[in-house]
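Residues per chain, in single letters:
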Amino acid sequence: MTFQISRRLMLTGAVGASLAGAAAKAAPKAEEAAFPPEVLAHEHALLGPDDGVALLARNENPYGPSESALKMVDYAGKKGAYYPGQANLILAEMIAERHGVDPKQIAITTGSGEALSAIAVLYGRQGPIVAPRLFWDTTALYAKRLGLAEISRVPLTDDMGVDLAGIEAAVTEETGLVQLCNPNNPTGLVSDSKTFKAAVKRMAKKTTVLVDEAYMELADDPDGNTCLDLVKKGHNVIVSRTFSKIYGMAGLRVGYIISSEETAEKVRGAAMSWIAGTGLASAIGAYNDETFLEYSKSKIVEAREMILAKTKELGMVALPSQTNFVYFKSGKPANDLQEALAAKNVIIRGQYMDYADWSRVSMGKIEDVERFCALLPEAASA
Ligand SMILES: Cc1ncc(COP(=O)(O)O)c(C=O)c1O
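What you see is a predicted model, and the numbers here were worked out from it, not measured in a lab.

Novice: I'm lost on the pattern of salt bridges in this one. Help?
Specialist: A side chain of one charge can pair with a side chain of the opposite charge if their charged atoms are brought near each other. By the definition in use, this model includes twelve salt bridges. A salt bridge links Asp137 to Arg153, with the shortest nitrogen-to-oxygen separation between them at 2.8 Å. Taken together, the positions of Asp137 in the loop between strand 3 (129-132) and helix 7 (138-145) and Arg153 in strand 4 (residues 151-154) put the pair 16 residues apart, joining distant regions of the chain. Classification of Arg153 by relative accessible area gives partly exposed; the value is 26%. Between Asp229 and Lys197 there is a salt bridge; the shortest N-O distance is 3.0 Å. Residue Asp229 is located in helix 11 (residues 228-232), and its partner Lys197 is located in helix 9 (residues 193-203); the two are separated by 32 residues in the primary sequence. When its relative accessible area of 26% is taken as the criterion, Asp229 is described as partly exposed. Of the residues examined, Lys197 reaches a relative accessible area of 13% and is grouped as buried.

Novice: Help me understand the sheet that holds strand 3, please; the structure alone is not making it clear to me.
Specialist: The strands making up a sheet are joined through hydrogen bonds of the backbone, oriented either antiparallel or parallel. Taking strand neighbours across the sheet as the criterion, the seven strands line up as 2-8-7-6-5-3-4 in an open arrangement whose pairing is mixed. Each having just a single partner strand, strand 2 (106-109) and strand 4 make up the two edges of the open sheet. Each strand of the sheet is rotated relative to its neighbour by a mean of 20°, with strand direction disregarded. Sheet topology note: the strand 2/strand 8 (residues 255-258) ladder contains four bridges and is antiparallel.

Novice: Looking at this structure, how should I read the site of the ligand?
Specialist: Near the ligand there are 14 residues, and of these Asp212, Tyr215, Thr242, Ser244 and Arg253 occur at the shortest range. Within the contact set of the ligand, an oxygen atom lies 2.6 Å away from a side-chain nitrogen or oxygen of Tyr215. The contact in question runs from an oxygen atom of the ligand to an N or O atom on the side chain of Arg253, over 2.7 Å. Element by element, the count of residues in the shell around the ligand is highest for helix 6 (residues 111-124), at four residues. Tallied by class, the residues present in the shell around the ligand amount to five nonpolar, six polar and three charged.

Novice: Any chance you could explain the packing of aromatic side chains here in plain terms?
Specialist: The geometry of an aromatic ring pair comes down to the distance between the two centres and the angle between the two planes. Applying the stated rule across the entire model yields nine aromatic pairs. Taking 5.9 Å as the distance between ring centres and 55° as the angle between the ring planes, the aromatic pair formed by Phe243 and Tyr287 counts as tilted. Of this pair, Phe243 sits in the loop between strand 7 (237-242) and strand 8 while Tyr287 sits in the loop between helix 13 (277-286) and helix 14 (290-313); the two residues are 44 residues apart in sequence, bridging distant segments of the chain. Classification of Phe243 by relative accessible area gives buried; the value is 1%. Considering the side-chain rings of Tyr327 and Tyr352, the 6.4 Å spacing of their centres and the 80° angle between planes classify their relative orientation as edge-to-face. With Tyr327 in strand 10 (residues 325-329) and Tyr352 in the loop between strand 11 (346-347) and strand 12 (358-362), this pair connects stretches of sequence that are 25 residues apart. An aromatic cluster is defined as three or more aromatic residues linked by ring pairs; in this entry it consists of Phe243, Tyr247, Tyr256 and Tyr287. Here the guanidinium or amino end of Arg98 rests over the ring plane of Tyr287, the centre of that ring lying 3.7 Å away. The lysine or arginine in question, Arg349, covers the ring of Tyr352, its NZ or CZ lying 3.7 Å from the ring centre.

Rules of the game
- Residues numbered from 1 in each chain as written.
- Predicted model: local features only at pLDDT ≥ 70, side-chain atom pairs only at ≥ 80, totals over all residues.
- Heavy atoms only, no water.
- Salt bridge = Lys/Arg side-chain N within 4 Å of Asp/Glu carboxyl O.
- Helix = DSSP H or I, 4+ residues; strand = E, 2+ residues; numbered from the N terminus.
- Buried < 20%, exposed > 50% of the residue type's maximum accessible area, 1.4 Å probe, protein only.
- Pairing = 2+ DSSP bridges.
- Axes fitted to C-alpha atoms, helices over the stretch in contact; angles between N-to-C directions.
- Near = heavy atom within 4 Å.
- Polar contact = N/O pair within 3.5 Å; in protein donor to acceptor, adjacent residues only side chain to side chain.
- Nonpolar A, V, L, I, M, F, W, Y, C, P; charged D, E, K, R; others polar.
- Phe/Tyr/Trp six-rings, centres within 6.5 Å; stacked < 30°, edge-to-face > 60°.
- Lys NZ or Arg CZ within 6 Å of the ring centre and 35° of its normal.

None of the figures reported here should be taken as evidence of function without further support.
Encoded structure:
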């Protein structure tokens, strides 16, 4: 039997619930004492996974948020009566300072997803969005659902890489946008820096190129691989980043793009909401917390090495990820492996498109990754 987890279930957090129904809700903890009775009576956790569930499906980072972020959440909560004020500007100035750009070149949004959706709508209207066959397509699909974009997918190379030559060949005068994700999701692969940037530069002469760098801080050489230098040199390139991954703040919903001033203004104008003060304040608190960022990356790399070692030991093919997830072939259909693990309260991603043999597991707490590694041999063979 196979099944798919809907994006809605993933986003509402009900995935742990739907798949891991066996996880009984534990007695309320001290932090839950003030919860309304409806929450306490509900069979699932209000936020995050239920007790006993290893949630390794959504590329979250349970090592966040940092203390520096949490202090600011507390402050922002107390100021919750007010619309956010100066926080957006201050965060933009901090980001601009680090990257040597003007704050006007930045658009901060409710997760990078909001900026990416705005971009898909703005540019998708002008012509097809050209992208690799596998990429984080949620926001391009959003524009497609609204009838505002078509996606033109270019097959991956034989080794699951982004076929830059193929994508370049698919770009025409009609193309609305080229969307690339580097490192890519779900493969976790980083493209060769020189080839990637050269291709992006050439394509940016014909159309706008969006490079989604949600996982770039987790790559081995973020500075060498980022396309921010192309933005700074004035190429028609947009780079997006997020606080959801290395910062471990997916639930606080802050992301941003860096582009030309004109593009950033357009994206700010197309954003559909105002970012919560808790998100902005916590992003300001965490942004320059180098100690936390190093710690966060080290835990993710530790977990990644455990999974790569386990898959290797089991003779499985696993792509050399530079992100907080690993794409691998267990020998069992992805949806069946997902189901077998869910029966043990370990939740991983199911099948992407028609890539039936490939599974994606996200890094989580080390003990959850240990559980995954311990269960994998039996789950993959059963
Ligand atoms: C490649 C990529 N980009 C963007 C996002 C959106 O993240 P957020 O809206 O939390 O910034 C995700 C989420 O998983 C992602 O994988």
